[in-house]
Amino acid sequence: MSKRMSPFAATVMAVSLLFGAAGCAVTSGQSTVGQYVDDATITTRVKARMAKDPKVSAMRLNVDTLNGVVQLSGFATSEAERVEAGRLVREVPDVKDVRNNIVVRAPQ
């Protein structure tokens, strides 16, 4: 019997591999490795929610988190998609603020 990995589990695995490769380096603006891990966890949760939502394209949107503040960038095909992405982020635990810099652009 073949089991498929859920999108969330796949995302968690990818982040885990990234930590192994990156060595959990603390970046500018993050005071501790713990904060780096917290931000990475928030980013993973946001991307997992976007992957599940049929109204939001996780492939066209970028998510960056620093000290609990999530910045969204990339391109949405409608204002509704841009707004929905921001709403999804606000529902993620430990998100302190959302900076929605998504640009609405018609599909090409």
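Residues numbered from 1 in each chain as written. Predicted model: local features only at pLDDT ≥ 70, side-chain atom pairs only at ≥ 80, totals over all residues. Heavy atoms only, no water.

What follows deals with the packing of aromatic side chains. Counted under the stated rule, the structure contains zero aromatic pairs. Arg105 extends its terminal NZ or CZ atom over the ring of Phe75, reaching a point 3.8 Å from the ring centre. (Phe/Tyr/Trp six-rings, centres within 6.5 Å; stacked < 30°, edge-to-face > 60°. Lys NZ or Arg CZ within 6 Å of the ring centre and 35° of its normal.)

Before going further, it helps to spend a moment on the environment of Val95. As for its position among the elements, Val95 is in the loop between α3 (79–90) and β3 (97–100). Judged by its relative accessible area of 18%, Val95 is buried. Taking the C-alpha atoms as reference points, Val95 and Leu66, separated by 29 residues in sequence, lie 9.9 Å from one another. Dropping the residues within four chain positions of it, Val95 is found in contact with Ile42, Gly68, Val70 and Val89. (Helix = DSSP H or I, 4+ residues; strand = E, 2+ residues; numbered from the N terminus. Buried < 20%, exposed > 50% of the residue type's maximum accessible area, 1.4 Å probe, protein only. Contact = heavy atoms within 4.5 Å.)

Inspection of the secondary structure puts Ala76 in strand β2 (residues 69–76). The exposure class assigned to Ala76 is buried, which follows from its relative accessible area of 0%. Among residues more than four places away in sequence, those in contact with Ala76 are Arg60, Leu61, Glu81, Arg82, Ile102, Val103, Val104 and Arg105.

Remember that the coordinates give geometry; whether it matters functionally is a separate question.
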